[in-house]
Each structure stands twice: as structure tokens, then as C-alpha cells.
Amino acid sequence: MIDIAVKGIVKAFEIGKNILDGLTFDVYEGEKVGLLGKNGAGKTTLFRIIAGQMESDQGEFIVGTGKKVGLISQIPVYPEDFTTEDVLRSAFSRQREIKTQMEKLETVMAAGGEFDAAEYDRLAIEYESLGGYETEYELDKVANGLEISEDMRGQLFSSLSGGEKTRVNLARLILEKTDILLLDEPTNHLDMRATEWLEDYVQKFKGTVLIISHDRYFLDRTVTRIVEIVKGKAEFYSGNYSFYAREKVARYEERLKRYELQEKEAKRLEEAADRLYQWGTGNKRLMKKSLAIKKRAERIRQLERPDREKKLQARFSEKEFFSDELIKAKGLSKSFGDKVLFQDVELYVKGGERIALIGDNGTGKTTFINILLGLEKADKGFVRLGPAVRPAYLPQVIRFENPGLSVLDTVIYETDCTPQSARNMLGTFKFSGDDVFKSVSVLSGGELSRLRLCILMQEDINLLVLDEPTNHLDIDSREWIENALENYEEALLFVSHDRYFINRFATRIWELKNGRIYDFEGDFEAYNKNRIAAERERQRQSRTQRGMGGPAKRASRPANPGKVLAELEKEIFELDEKIKALDAQIEENATDYIKLSQLFDEKSEVEKLLEEKYIRWDKLSEGKD
């Protein structure tokens, strides 16, 4: 069954310039589809048309009968006094309405008045079908998964940042049990843990999902089909992002091959026509034949040369590193007030290593990088860079000393080069024509990254430090930066939530968590497998220890225990059963790391109480208490 049918959609914001030009495709019930296209291709415009927030100039779209569509890029306006909790609970408005009606009928019944039992049963069935009895559980599960803390839930919604509002709105749509989700850059304001939670949710979601995202790893794990908008029309790829990337190259090469064969044949015919024309001067029959061959050559030329984004050819100006020690950190600690970011960190880095620094938002990754580079001071400990180290830093927020200068003048000023050399460098970094005369102050985030990289590449460096280099960039820009890094062979240290980027470059992972740096030698895939395996092993050992300890202690029970002993045995049994139930929940929530943390804390408390009961039981059974 088709959930979304897009038929010949045309949309233009300027006369004669159609962003969507006869766009046509279908999305079937339960499909997870990625919507790709360059910036300005019309992806968000299409979402707004499907969500009913914008009208198309031509064509139509059809949504499955009775299906509810939710779009996260548009945040509704709420009353001024609405807290985040109020916004989240607005997802349960129908459940609240039913509950109120049921309570009124219950009051009538308790007072002995006339009671419509059939109506009450109908309401109760609808309430249960909408998950009315599980709203608190669902609310906590989704809020925890998307890292909406208790403090945030108590804040006024209007006081939240744009990113926080987007997260809350996404949570509300999930809680509303929307049939069709239109996710426009859903991971932009999520850290890695929340992104993994959302991935798991999308994978298990029984409805239909259409996703615009620059997070290639997220697309790989959530979608089974790609629709790419190219020049206003749809091109289709029956796989995830990695399949799309390979297939797009294959299609380009096939088109180029057909184009070259066409051109070769057309050229052969034109040369034949020219020879006939020269031979047949004055001969009408040969002249006519020459003209016919030329027209045939023109008819052959039906294919345009396929376009493909040019790859970056520039390289970093590297300085060879001759020492073993690149970075040495010992006893590093940093706090802000009562919040400890990290303490007693000890690390050693050799030349040529490629390290990804990962961790949740707010754990102090940027602060840690700044301390390593000497831009901030640690509370304790020291950092030492090797004597031959030449670092270069691309921060998350890029600023230039003179933002009023043009792009061209900025490069001349920062690198002390000639205007022609500056233009040559800028051309390599996709600044051409009048772009070089634009003021730096009006550049986008992606353009600022390109400009700063252009300047950094002229320096002799052997340690490149990047803080969220792909943040808010489209896929083309991310791949462009990756191509710039591909041939860089010296040390690389970067902060990122972009798992595709991490997996491509990192050979070592630093995870900043709970005030410590956990050091893992290996790429991201190996780190992920190791993390999951370690978690499963902890669960297995816990089950094994209970299996070995429980029966042994029960075997030493006296034949005729007293009343207190019997009560203790009952309590021990109930606690043991509770641990088994918690283990089952831990397995069910293996990808919800906030929920896992809560479950492990609860389990730890139960196990502590169980141990106390066993000690008490031992004493009683031996007559010592």
C-alpha cells in the first residue's frame, strides 16, 4: 500500500527557475527512505508541501487514508507559560480527553446514577489502544533517549535553544505515534548516544519514515532506499547510503562511457561528411549525401556529458616528524565549579596517529582540546608537545581577525602571498569568479571551513586538530573535507559525532565519559563491537555469579527455620526475581544508554540489598543473630 504518492510536483520561487520540476515517486507503507540532493535542491520544500505547509505550483501529492503526518523541521507555537513537560504531554491530549470522560462516568456510577456501560467500555478500549496506561513509561523512555533531562523538562519551552526545541519537538512527534515521520536533519542537535537511540527507534518504528540527513552513518543504519532530487526530478537507488554512493559512481561511469561512444561515433560521421563534401564539390548527389551524414551525426548527439563534482587536488604542506613523542599529558584535571569535566588524565601520542575524541555533549571535549593546545589552562597536571610539533587548529566556531576583508584579501593577508597565488589557491577550494570578492562576514559555516582549510594547507604542519569539522555541512561538503584529509599523512586529532567520518579516519578512539578518558586502540567499528561485547560480558558474569552463589547458600538452610528466617527467604526470592526482570529489561534496552544507566543503577541497589539479606540469612541459619 502506498503511504505517500508524489505526482508531477512543480515548485518555483523565481519565474522560470523550477526547484522541483515534475518530481514523481511513491513511498510504500512501512518504508524507510532517504531523501538526498544538493543544498537548494528542494528537499525541505517537498517536506513542507507533503506536510500541508506549502502549496505546489503544479502536480499533487497523496497521503494514505487516515494516516497522520509529522514534520520535525517546523516547531509549533505554544502558550508562553508552557514548560517542556507541557509540550511533551501535549502528545497525549486524546488520552487525557478520554480519561476525563471515563472519570465522569465513574463518578456517575459511584453516585448510583444512570451509567452508560457500553460507552464506558468503548472509551476504555480506545484508551488502552492509544497506550493510555503506559504514557508515563513512554514519556520517560523517549525523554531519556533524546537526552531531555528533568531540569529541561521543568524549563519554559520558550527559553530553550533552537537545538533543544528541535529535540523536544521530535520527542513529541514520537510520543504522538505519528504514522508517517518526515525527519529533516534529525541528528543535527543530537550527540552520538542520542543519535544511536534514534536509529534504534527508526529501525523498530512500524510506520513510514522519509529522512533528509547529512549523517551518512545514520542513513546507512535506517534507510533501505534512496530518492535523490537532481535538477528537480527523482533518481532512485534501492539500498542504503553506502549502496547509493557506489551505485552513483557506477552510473556516472556508465553514462560517461555511453557519452564518449556517442561522441566518437558522431565525430567519425562528421569526418566522413567533410570528406564527401570535399570530394563532391559540384556533385549534387555527393553533396546531398554529405549533408545527410551531418544530420545523422547531429541526431546521435542526444546525451549530455554527465556532471560530477570535481575532487579536491590540494594537499596539506606537511612537516615531517622525527621524534617519538607528539603529545604527553599527565595528571590533567579540569572543573567548572562543582562540575568535574575530567581528572587525572594520562595520555601519550606518537607521530602519525589518528585519534577521534568522542563523548556526549557537555562532557568537555572542546575544553580538553584547548588545554592540549595551550589555549586554556588545566586545574592540575601538565601537557607537553614534542619540540618538533607544528600544530594547526580548525575550531568548531571559525573566526577571522578581519571579517570585513574579502576572501581574496584574507588569504593574501594570512599567507603573505601574491594576488595570483591567492586566486589559484582559492580556486582549488571552490572559490571562483566573484566569490573571491565576497566579505568573509557573509560566508556560511561550510565556506568558512573551506577558507580556513585553504589557509591551513599552506602551513608546514604535523599535527592537525579539528573540532566538529563536518558539523552542519551537507554531504558534498563533508566528502570534500574528507578528500582534503585523505592524503594527509601526519598526526590527526579530531572531535566528532559524525561516525562515518570517525570510521574513515580514526585508528584510535578517546572516549570522554564520567570524568575519564577511555583509550581504545582501533577504528570506530572495532570500538563499537568491543563496547557491545563488554556490556554483554558484564551481564553474563552477573547472571553466572548469581547462579553460583544463590543455590549454595540456600543449600545450607536449616530444616525447620523460624518465622524470621522464612520471611528472609521470601524476600531473597523476590529480590532474585527482580534482578532477573531487570536483566531482561537491560537486554531489551541495549541501545538506550540513558535507560541502561538507570537500569544498572537500580540493579546495583537491588544486588546490594540482596547481599545484605544473604548475610542476615547466614547469621540466622547459624544461630548467631
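On a predicted model such as this, the values are computed, not experimentally measured, just so you know. (Residues numbered from 1 in each chain as written. Predicted model: local features only at pLDDT ≥ 70, side-chain atom pairs only at ≥ 80, totals over all residues. Heavy atoms only, no water.)

1. Considerations on the confidence of the model for the protein
Here's step 1: Across the protein, pLDDT averages 85, with 90% of residues at or above 70.
Here's step 2: Note on residues 549-562: pLDDT is under 50 here. Beyond four places in sequence and across chains, it has 16 contacts. (pLDDT = per-residue confidence, 0-100. Contact = heavy atoms within 4.5 Å.)

2. Some words on unusual backbone geometry
Here's step 1: At Glu-185, a residue that is not glycine, the phi angle is positive and equals roughly 50°.
Here's step 2: Checked against the element boundaries, Glu-185 lands in the loop between β6 (180-184) and α8 (192-204).
Here's step 3: Even without being glycine, Asp-344 reaches a positive phi, approximately 50°.
Here's step 4: As for its position among the elements, Asp-344 is in strand β11 (residues 339-350). (Helix = DSSP H or I, 4+ residues; strand = E, 2+ residues; numbered from the N terminus.)

3. With respect to the side chain of Arg-508
Here's step 1: Locating Arg-508 in the fold gives a position in strand β17 (residues 508-513).
Here's step 2: The exposure class assigned to Arg-508 is buried, which follows from its relative accessible area of 4%.
Here's step 3: At 2.9 Å, the side chain of Arg-508 and the side chain of Glu-353 are in polar contact.
Here's step 4: The residues touching Arg-508, leaving out its near neighbours within four places in the chain, are Tyr-348, Val-349, Glu-353, Arg-354, Ile-355, Ala-356, Asp-519, Phe-520, Glu-521 and Gly-522. (Buried < 20%, exposed > 50% of the residue type's maximum accessible area, 1.4 Å probe, protein only. Polar contact = N/O pair within 3.5 Å; in protein donor to acceptor, adjacent residues only side chain to side chain.)

4. A look at the side chain of Asp-498
Here's step 1: Tracing the backbone shows Asp-498 in the loop between β16 (491-495) and α17 (499-505).
Here's step 2: Here Arg-216 takes part through its side chain, which lies 3.3 Å from a polar atom of the side chain of Asp-498.
Here's step 3: Not counting chain neighbours up to four residues away, the residues in contact with Asp-498 comprise Arg-216, Thr-470 and Arg-478.

5. Thoughts on the environment of Glu-612
Here's step 1: Structurally, Glu-612 can be placed in helix α20 (residues 593-621).
Here's step 2: In this structure, the C-alpha to C-alpha distance between Glu-612 and Ile-572, residues 40 residues apart in sequence, is 9.7 Å.

6. Some details on the packing of aromatic side chains
Here's step 1: Enumeration according to the criterion identifies 16 aromatic pairs in this entry.
Here's step 2: Summarising the aromatic geometry, the rings of Tyr-127 and Tyr-133 are spaced 4.8 Å apart at their centres and angled 90° between planes, so their arrangement reads as edge-to-face.
Here's step 3: With relative accessibility at 8%, the residue Tyr-127 sits in the buried group.
Here's step 4: Pairing Tyr-241 with Tyr-500 gives two aromatic rings, centres 5.8 Å apart and planes at 85°, and the pair type is edge-to-face. Separated by 259 residues along the polypeptide, Tyr-241 in helix α10 (residues 241-279) and Tyr-500 in helix α17 bring together distant segments of the chain. (Phe/Tyr/Trp six-rings, centres within 6.5 Å; stacked < 30°, edge-to-face > 60°.)

7. What about the pairing of β6?
Here's step 1: Buried residues dominate β6, accounting for 5 of its 5 residues.
Here's step 2: In β6, alternate side chains face the same way, and those of Ile-180, Leu-182 and Asp-184 on one face and Leu-181 and Leu-183 on the other are all buried.
Here's step 3: Here strand β5 (residues 69-71) runs beside β6; their pairing, made up of 3 bridges, is parallel. Bridge pairing in β6 links Leu-71 to Leu-182.
Here's step 4: Across 5 bridges, the pairing between β6 and strand β7 (residues 208-212) is parallel. By the bridge assignment, Leu-181 is partnered in β7 with Val-209. (Pairing = 2+ DSSP bridges.)

8. Observations regarding the environment of Glu-459
Here's step 1: Inspection of the secondary structure puts Glu-459 in the loop between α15 (445-456) and β15 (463-467).
Here's step 2: A residue is classified by how much of its surface remains accessible, and Glu-459, at 34% relative accessible area, is partly exposed.
Here's step 3: Each C-alpha atom of the pair Glu-459 and Thr-415 lies 8.4 Å from the other, and the pair is 44 residues apart in sequence.

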